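# A look at the structure
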Amino acid sequence: MTMNHPPTHISDLQTPCLLVDIDKVKRNCSRMTQRYKELGVELRPHMKTHKTIEGADLMTNGTRKKIVVSTLAEAEFFASHGYDDIIYGKPVSESQLSRCKKLHEKCTQFHLMFDNEETISALERNPLGNKAWSVFLEVDIGGNRTGVLWDSDRVVELARLATNAKNVDFLGIYTHNPMSYSLTSDKAVRNQAETDTKRILSVCDRIRQAGFQVVTVGLGDTPCCSVSDVTMAKLTEVHPGNYIFYDTQQYRIGSCEFDDIAVRVAARVISHRPETNQIVLDSGFVALSHDGTYCNLPDGVAVFQDHSELKLVNMSQEHGCVSVKSGKIDCTAYPLGSMLFIYPYHACATAANHPVYYVHSGDSVIGVWKPVKGW
Ligand SMILES: Cc1ncc(COP(=O)(O)O)c(C=O)c1O
């Protein structure tokens, strides 16, 4: 956590900027660590939400081991800071293998994901030397994104192919089901956690019955991992990521309390427009992200701290137009230059837009985290 001539108070910061409440982050991390310690399941946190060493150290409880990343840039960044046992959490393409070879040299364990035959052929064509490529089969249990469908015959075929391939170690199954993001109750999320776990365990059974070994079986998304159905104790690992920050989307799903949300965007009022019943902020979609606007939430995508009367009605690149949910806006209640604090809908999407995060305890800014960028 570095800071050159730090402002000491949030009110001194230039806006827009991303604020990270360190006390909430620590609480979110230790709660998740404790939950999976009690369940006897390894927690392999995903780094995509924050992409920082400081956040990773809190999520791994200082071990610097067992993480998932969403880009090779993240993998290289964490490996260069001594992180080991890293899964690149997207199907790898042959064009990336030269970077992956270097990551293998740097780490004792670096794992790839695959969901098709061609990737295994590409790994066979690109041997590592004295090591084998370590691979997870990505299985789709409902997200309809990447991964081989959990109930298809290709699951066993791909496991067979990877197990028998030259230069390849088949380690196990990885799945992430984003369908939990469409749920809106604790009970529904718990049911999904149970169904997902049963599905993924049935995939393992089929592979094992066909005579192949599955060492690791993991699933994870912040909603399911936050409610953690007891069936999840049968997994070997889970890999949620968003829980470090949470956000208003997670709050709506029921993954967290509102008080657990550890990130806010600080914005300043730059214009009063009583004739259009609006004030304007210096934060548009670059600072806040568009994520969630497609949900057409009745109160808008942004939640304003201490100002439940406000609604974000429109965003352009660097402007956020704000009105009141009903009646006439009293512009004098939001003086020009005053700060407003916005809880984001999707912390990962909002954080990805910020070059640095201002870390605070109470109103004191105590440091700056610098996320890795790019792919
Ligand atoms: C492959 C993969 N694993 C794990 C996660 C973590 O899930 P969450 O963001 O719900 O914590 C994600 C999130 O997008 C993901 O894409």
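Residues numbered from 1 in each chain as written. Predicted model: local features only at pLDDT ≥ 70, side-chain atom pairs only at ≥ 80, totals over all residues. Heavy atoms only, no water.

Put simply, helix α6 (residues 154-164) and helix α7 (residues 186-209) touch, their axes get as near as 9 Å, and they point 55° apart. Judged by the inter-axis angle, α6 sits oblique to α7. Seen along the crossing, α6 lies across α7 with a hand that is right-handed. Facing V155, V156 and A159 of α6, the residues of α7 in contact are V203, R206 and I207. (Axes fitted to C-alpha atoms, helices over the stretch in contact; angles between N-to-C directions. Helix = DSSP H or I, 4+ residues; strand = E, 2+ residues; numbered from the N terminus. Parallel < 35°, antiparallel > 145°, perpendicular 65-115°, else oblique. Left-handed = near helix turned anticlockwise from the far one by under 90°. Contact = heavy atoms within 4.5 Å.)

Before going further, it helps to spend a moment on the layout of surface pockets. Estimated volume of the largest pocket: approximately 520 Å³. In terms of lining, the largest pocket is formed by 28 residues, of which the most central are H46, K48, R145, H176 and Y181. In the lining of the largest pocket, the residues fall into eight nonpolar, 14 polar and six charged. Taken domain by domain, the makeup of the lining of the largest pocket includes at least three residues from each of domain 1 (46-240) and domain 2 (258-369). (1 Å grid on protein atoms, 1.4 Å probe; cavity = no way out; pocket = protein on both sides within 12 Å on 5 of 7 lines; lining within 4 Å. Points joined across faces, edges and corners; volume = space filled by probe spheres on them. Nonpolar A, V, L, I, M, F, W, Y, C, P; charged D, E, K, R; others polar. Domains from an automatic or database assignment.)

Here we come to the domain arrangement of the chain. Quite often, the size of an interface is put as the accessible area lost when its parts meet. According to the domain assignment, the chain contains domain 1 (46-240) and domain 2 (258-369). Of note, the centres of domain 1 and domain 2, computed from C-alpha atoms alone, are 35 Å apart. Interface area, domain 1 with domain 2, both sides summed: about 550 Å², of which 69% is carbon and sulfur. Of all residues in domain 1, T49, T52 and E54 give up the largest surface area on contact with domain 2, accounting jointly for 59% of the area buried on that side. Connecting domain 1 to domain 2 are one residue pair in polar contact (both at pLDDT 80 or more). Each residue belonging to the side of domain 1 that touches domain 2 can be placed in one class, and the counts come to one nonpolar, four polar and two charged. (Buried area = accessible area lost by both parts, 1.4 Å probe. Polar contact = N/O pair within 3.5 Å; in protein donor to acceptor, adjacent residues only side chain to side chain.)

Applying the stated criterion across every chain yields a total of zero disulfides. Not engaged in a disulfide, the cysteine C29 finds its nearest cysteine sulfur in C348; these two sulfurs lie 13 Å apart. Residue C29 is classed as buried on the basis of its relative accessible area of 3%. Of all cysteine sulfurs in the structure, the one in C321 sits closest to C331, which takes part in no disulfide; the separation is 12 Å. (Disulfide = S-S within 2.5 Å. Buried < 20%, exposed > 50% of the residue type's maximum accessible area, 1.4 Å probe, protein only.)

Residues of helix α5 (residues 117-125) that are buried: T119, I120, A122 and L123. Projected down its long axis, α5 shows its buried positions confined to an angular sector of 160°, all on one face. Projecting away from the buried face of α5 at angles above 90 degrees are the exposed residues E118 and R125. Here the buried face of α5 lies against α4 (97-106), β5 (110-114), β6 (133-140), α6 and β8 (168-175). The N-capping residue of α5, defined by a side-chain oxygen 3.0 Å from the backbone nitrogen of E118, is N116. (Arc of directions from axis to C-beta.)

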